[in-house]
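Descriptive analysis of the structure
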Amino acid sequence: MTDGPNYGFDTLQIHAGAHPDPATGARQTPIYQTTGYVFRDAEHAAALFSLKEVGFIYSRLTNPTVAVLQERIAALEGGTGAVCCSSGHAAQIMALFPLMGPGKNIVASTRLYGGTVTQFSHTIKRFGWECKFVDFDDLDAVRDAIDENTRAVFGEAIANPGGYIMDVRAIADITDAAQIPLIIDNTSATPYLVRPIELGATLVVHSTTKYLTGNGTVTGGCVVDSGKFDWSATDKFPSLSAPEPAYHGLKFHETFGAMAFTFHGIAIGLRDLGMTMNPQAAHYTLMGTETLSLRMDRHVENAKKIAAWLEADDRIEYVTYAGLESSPYYERSKKVCPKGAGALFTFAVKGGYDACVKLVNELEVFSHVANLGDTRSLIIHSASTTHNQLTEEQQEAAGAGPSVVRVSIGTETADDLIADLDQALTKAIS
Ligand SMILES: *Cc1c(COP(=O)(O)O)cnc(C)c1O
């Protein structure tokens with residue numbers, strides 16, 4: 001596709017990054033199942049290795065199929081560049097790696113995917129990194145948590161699993177004033193529902209495992225750069241602003257400008273951390289992106305119907321879907337995600353922990369799966385699974401207490417999903 005700054009989302013999700021294959025004319029993006037690429041000559045190889053020329057060297061760094069996906073996700077998010085990697089958790093490390101160092105910290109929302117809470121509260125400490133968890137609705141607390149060693153602020157636009165909507169713009173005003181980057185995990189929302197870069201985010205991370213692929217086939221992740229952050233404005237980000245010894249003193253920001261973070265992600269991040277996405281995974285995710293907006297519209301339509309039905313049922317204690325008028329985030333959702341509040345929410349079942357476990361066992365159309373963003377409807381009891389490593393306090397803070405189940409509403413016939421919930425609730429509460 002030729003560059004067209006005004007193409008709509010539905011066009012970009014099919015065409016961005018892709019061109020008919022120059023060797024064969026193949027219209028669909030081929031799976032370039034290769035690890036190496038023949039250099040034209042010795043000078044060409046030397047130019048590629050010293051970053052004087054951009055091209056393919058080795059598939060740990062770049063691969064043509066993965067490159068199409070990178071360009072496509074960057075276009076959908078409105079960023080300057082993107083780096084794909086092996087999973088959403090890999091993307092989080094890839095996003096933080098250039099910013100952090102021993103003794104540095106991030107400030108993160110308390111409302112995050114359970115695996116992210118674990119990664120941030122335990123694993124990153126091995127690198128000498130710290131995380132301070134803060135309620136992102138308390139803007140003063142966010143401001144106060146940022147200190148001279150803070151290198152990023154991290155939150156989810158639509159937070160899994162509690163139906164929380166982050167006021168991205170308000171947090172971006174704080175990070176702008178502090179001159180530190182804002183990283184938004186846009187996995188649950190997708191760029192179709194939330195536009196983090198337009199709302200002031202510096203970087204966007206994805207678990208492409210979820211809605212971007214959309215059919216539960218492959219794990220993957222992506223880091224998108226807005227290209228807007230001035231890495232050289234302070235001395236806080238030497239990986240991007242100071243001379244890089246492994247590339248003869250090259251300064252990424254000075255040399256690559258708005259592409260600095262993306263080039264660093266490939267030339268240092270993928271080179272040395274090796275969290276590479278394989279071309280097969282990129283292929284499945286490219287297939288998924290082609291129908292993203294169509295699927296998201298249906299996900300949202302179904303989620304609204306099912307959330308409303310559950311809310312009216314007297315076997316249910318409460319439903320935390322921001323698309324319901326009863327939600328404290330309903331007004332905010334109209335600002336942050338005007339096309340809909342996603343398709344992930346939790347509900348509390350009268351009968352507590354035991355009723356939740358029975359409900360999960362009795363459902364037939366819903367699958368009991370630790371995944372989300374599939375075309376299939378999925379359910380999980382977070383407290384006994386994804387949020388099991390958290391303390392009960394952390395579970396409650398994340399909206400995943402013991403009497404709560406999380407659903408990821410799929411694109412099936414809504415009436416079938418309602419009937420399935422109805423029969424399983426009857427068996428669970430008897
Ligand atoms: C699944 C998920 C992740 C982790 O992604 P993986 O691909 O499983 O590594 C991170 N954030 C959110 C919001 C997720 O849903």
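Scroll up to find the structure this text is about.
These notes cover the structure that comes with them. (Residues numbered from 1 in each chain as written. Predicted model: local features only at pLDDT ≥ 70, side-chain atom pairs only at ≥ 80, totals over all residues. Heavy atoms only, no water.)

Some words on the overall build of the chain
The number of helices and strands found in the chain is 17 helices and 14 strands. At 22 Å, the chain has a C-alpha radius of gyration in line with the 22 Å of a compact globule built from 430 residues. Principal axes of the C-alpha set define a box for the chain whose edges measure 75 × 55 × 35 Å. The proportion of buried residues among the 430 residues of the chain is 55%. Taking all contacts inside the chain whose residues are at least 6 apart in sequence as the whole, residues at least 24 apart take part in 71%. Summed over its atoms, the accessible surface of the chain is roughly 17,300 Å², and 52% of this surface lies on carbon and sulfur atoms. When the 33 positive and 49 negative side-chain charges of the chain are each reduced to one mean point, those points stand 2 Å apart. (Helix = DSSP H or I, 4+ residues; strand = E, 2+ residues; numbered from the N terminus. Rg over C-alpha atoms; globule rule 2.2 N^0.38 Å. Buried < 20%, exposed > 50% of the residue type's maximum accessible area, 1.4 Å probe, protein only. Contact = heavy atoms within 4.5 Å. Areas by Shrake-Rupley, 256 points an atom, 1.4 Å probe, with all protein chains shown as cover. Lys, Arg positive; Asp, Glu negative; His and termini not counted. Charge placed at Lys NZ, Arg CZ, Asp CG, Glu CD.)

Looking at the site of the ligand
For the ligand, the set of nearby residues contains 15 residues, the closest of which are Gly 88, Asp 185, Ser 207, Thr 209 and Lys 210. A distance of 2.7 Å separates a nitrogen atom of the ligand from a polar side-chain atom of Asp 185. For the ligand, whose unbound accessible area comes to 380 Å², protein coverage reaches 92%. If you tally residues by element for the shell around the ligand, the top one is helix α4 (residues 88–96), at 3 residues. Looking at side-chain class alone, the shell around the ligand contains 2 nonpolar, 10 polar and 3 charged residues. (Near = heavy atom within 4 Å. Polar contact = N/O pair within 3.5 Å; in protein donor to acceptor, adjacent residues only side chain to side chain. Nonpolar A, V, L, I, M, F, W, Y, C, P; charged D, E, K, R; others polar.)

Overview of the pattern of salt bridges
Applying the stated criterion to the full structure yields 16 salt bridges. Residue Asp 147 is joined to Lys 132 by a salt bridge in which the shortest nitrogen-to-oxygen separation is 2.8 Å. With Asp 147 in the loop between α6 (139–145) and β4 (150–156) and Lys 132 in strand β3 (residues 130–134), this residue pair connects regions lying 15 residues apart in the sequence. For Asp 147, a relative accessible area of 27% puts it in the partly exposed group. Exposure remark for Lys 132: the relative accessible area of 28% places this residue in the partly exposed category. A salt bridge links Arg 315 to Asp 422; its shortest N-O distance comes to 2.6 Å. Within this pair, whereas Arg 315 is found in the loop between α13 (292–311) and β10 (316–319), its partner Asp 422 is found in helix α17 (residues 414–428), the two being separated by 107 residues in sequence. Taking relative accessible area as the criterion, Arg 315 reaches 17% and is therefore assigned buried. (Salt bridge = Lys/Arg side-chain N within 4 Å of Asp/Glu carboxyl O.)

Details of the packing of aromatic side chains
The final tally for this structure, using the stated rule, is 14 aromatic pairs. Ring geometry for Phe 39 against Phe 49: centres 6.1 Å apart, planes inclined by 65°, an arrangement best described as edge-to-face. Of the two residues, Phe 39 is situated in the loop between α1 (9–15) and α2 (42–49) and Phe 49 in helix α2; the sequence distance between them amounts to 10 residues. Joined through ring pairs, the aromatic side chains of Phe 229, Trp 231, Phe 237 and Phe 261 make up one cluster. Across the ring face of Tyr 164, the terminal group of Arg 111 is positioned such that the distance to the ring centre comes to 4.0 Å. (Phe/Tyr/Trp six-rings, centres within 6.5 Å; stacked < 30°, edge-to-face > 60°. Lys NZ or Arg CZ within 6 Å of the ring centre and 35° of its normal.)

With respect to the sheet that holds strand β1 (residues 81–85)
As summarised here, the arrangement of the 7 strands in space is β1-β9-β8-β7-β4-β2-β3, forming an open sheet in which the pairing is mixed. The open sheet is flanked by β1 and β3, the only strands paired with a single partner. The sheet shows a mean angle of 20° between the axes of neighbouring strands, direction not considered. Each of β1, β8 (203–207) and β9 (221–225) touches helix α3 (residues 64–77); the most contacted strand, β1, lies at about 130° to it. Of the strands in this sheet, β1, β2 (105–109), β4, β7 (182–185), β8 and β9 touch α4, which is tilted by about 160° from β8. (Pairing = 2+ DSSP bridges. Axes fitted to C-alpha atoms, helices over the stretch in contact; angles between N-to-C directions.)

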